[in-house]
Amino acid sequence: MQRREFLAGLLGMGMVAVGSSAWALRTPVPTQRKLIVIMLRGAVDGLSVVVPYADNNYYQLRDSIAIPRPNIAEGVWDLDGYFGLHPALSALQPLWQQKKLAFVHASGSPDPTRSHFDAQDYMESGTPGRKSTADGWMNRLLGVLPGATTPTRGMSLGTVMPRIFMGSAPVGNMAAGAGALRQTALDRPQVNSAFAQLYQGNSKLAQLYQESQDTRQEVMGAMDKEMTAANGGAAMPNGFPQDAARLAKLMRNDSNVQLVFMDLGGWDTHINQGAAQGQLANHLQPLGQGLANLAQGLGDLFDDTTIVVMSEFGRTAKQNGNNGTDHGHGNVMWLLGGRVNGGHVAGDWQGLDDAHLHEQRDLPVTTDFRAVLSQVAERHLQLSDAQLNKVFPDMGQINSHLQLIV
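Residues numbered from 1 in each chain as written. Predicted model: local features only at pLDDT ≥ 70, side-chain atom pairs only at ≥ 80, totals over all residues. Heavy atoms only, no water.

## Some remarks on the overall build of the chain
A tally of helices and strands in the chain yields 12 helices and 14 strands. Counting the 406 residues in the chain, one finds 51% classified as buried. Here the contacts in the chain between residues at least 6 apart in sequence split such that 72% fall between residues at least 24 apart. Summed over all atoms, the accessible surface of the chain reaches about 18,100 Å², with 51% contributed by carbon and sulfur. (Helix = DSSP H or I, 4+ residues; strand = E, 2+ residues; numbered from the N terminus. Buried < 20%, exposed > 50% of the residue type's maximum accessible area, 1.4 Å probe, protein only. Contact = heavy atoms within 4.5 Å. Areas by Shrake-Rupley, 256 points an atom, 1.4 Å probe, with all protein chains shown as cover.)

## Structural notes on helix α9 (residues 240–253)
In this model α9 runs 20 Å from its N-terminal to its C-terminal C-alpha over 14 residues, within 8% of the 20 Å that 1.5 Å per residue would give. In terms of burial, α9 is a largely internal element, 10 of the 14 residues being buried. Residues of α9 that are buried: Phe240, Pro241, Asp243, Ala244, Arg246, Leu247, Ala248, Lys249, Leu250 and Met251. (Expected span 1.5 Å × (residues − 1).)

## Quick notes on the environment of Gly330
Along the chain, Gly330 falls in the loop between β11 (305–311) and β12 (331–337). Given a relative accessible area of 4%, Gly330 falls into the buried group. Each C-alpha atom, one on Gly330 and one on Asp362, is 6.8 Å from the other, the two residues being 32 residues apart in sequence. For Gly330, the contacting residues outside a window of four places in its chain are Ser107, Gly314, Arg315, Leu363, Pro364 and Val365.

## Describing the packing of aromatic side chains
Here the structure, examined in full by the defined rule, presents seven aromatic pairs. Summarising the aromatic geometry, the rings of Trp137 and Phe392 are spaced 5.5 Å apart at their centres and angled 40° between planes, so their arrangement reads as tilted. Taken together, the residues span a long stretch of sequence, with Trp137 in helix α6 (residues 137–144) and Phe392 in the segment after α12 (385–391) at a distance of 255 residues. (Phe/Tyr/Trp six-rings, centres within 6.5 Å; stacked < 30°, edge-to-face > 60°.)

## Thoughts on the side chain of Gln319
Examined against the element boundaries, Gln319 turns out to sit in the loop between β11 and β12. A distance of 3.4 Å separates a polar side-chain atom of Gln319 from the backbone nitrogen of Ile65. (Polar contact = N/O pair within 3.5 Å; in protein donor to acceptor, adjacent residues only side chain to side chain.)

## Side note on the pattern of salt bridges
For the structure shown, the criterion picks out 15 salt bridges. Here Arg140 ties to Asp135 by a salt bridge, and the two come within 2.8 Å at their closest N and O atoms. Under the relative-accessibility criterion, Arg140 is labelled buried at 12%. Ionic pairing is found between Asp243 and Arg246, a salt bridge with its closest N-O pair at 3.0 Å. Of the two residues, Asp243 and Arg246 are both situated in helix α9; the distance of three residues between them amounts to about one turn of the helix. Asp243 sits in the buried class, given a relative accessible area of 7%. (Salt bridge = Lys/Arg side-chain N within 4 Å of Asp/Glu carboxyl O.)

Don't take any of this as a statement about function, it's just geometry.
Below, the structure is given as structure tokens:
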């Protein structure tokens, strides 16, 4: 056998060189491919995020809050000759040009509710229209992923454990903002020891307490290395761009982190929504900058990461009398990542004329949000059909021609 054929055979068997002369089997890391889900609570106006500027109905429906067409003052950034990106999201332009950013328009939950509480509950449980579901779909996803589950394999950034992560699989939780890594009373050895003795006689409480402490120590240890090198352990500033940058450091330093959820509020723009500038733009700018920071901060890890941004429902196609928009139906989902088939707006777009609006007022949902998430789970996280059925048990057969992951 020729040397070249021999080497090709070894590579085909998954063998790689270790050091100068040794060889070893290349073992796939179960947590190599990552998923980050960002929930925009309050129902962001998707028609202002990815603007159908080529549809004249858009400007007729929104005389004071429409985003101008491309190539004029404060206009959208042209995406494909029909849709444009809100100018406050200019930080995402490089990702679009690199084809690592895609959108799915007219997507969302098929349930028609306009209640924030119910719609968020359905999107987080993954079972639209059914309130009795006990767990969230990201917790079920943790349960079917291959490999051992560690305390930080699933991580939530926020003050409370979200519905999407509720369930039997353990999930870590880290506060967002500047105080996330501040030392607490439980970090003092004397207090920690006292709590350990207190729960010693109750095996279940003792186990829960120890798991929570293990999670915190793992997170603190991973962050401490980077923070010490950068600024001597100074606290991080507030805001999503900073939280996103810190999340990227956490994921770089702890390879166990695979699934992450975080949420952002402030998108319920009934009054004075604004156009290229104003209330909504002021929220979109740090969101776009934070996503760009996250992509940059992940470095090579971004190639193995998919980021999904979604909201519970969209907003009315026509603006209201308060220069805002009310609760609607269809919205737009965002996907970013190294394996995302980016540079295009996917989905079944039908226009904004009365005949195609949901109840003659809202963007319809032509793509079920579970079709998007299941394709990410199948093609990015490599789940089987049986595993997908456990994550989204009520989904059934959804015909989808989406090509979101390469």
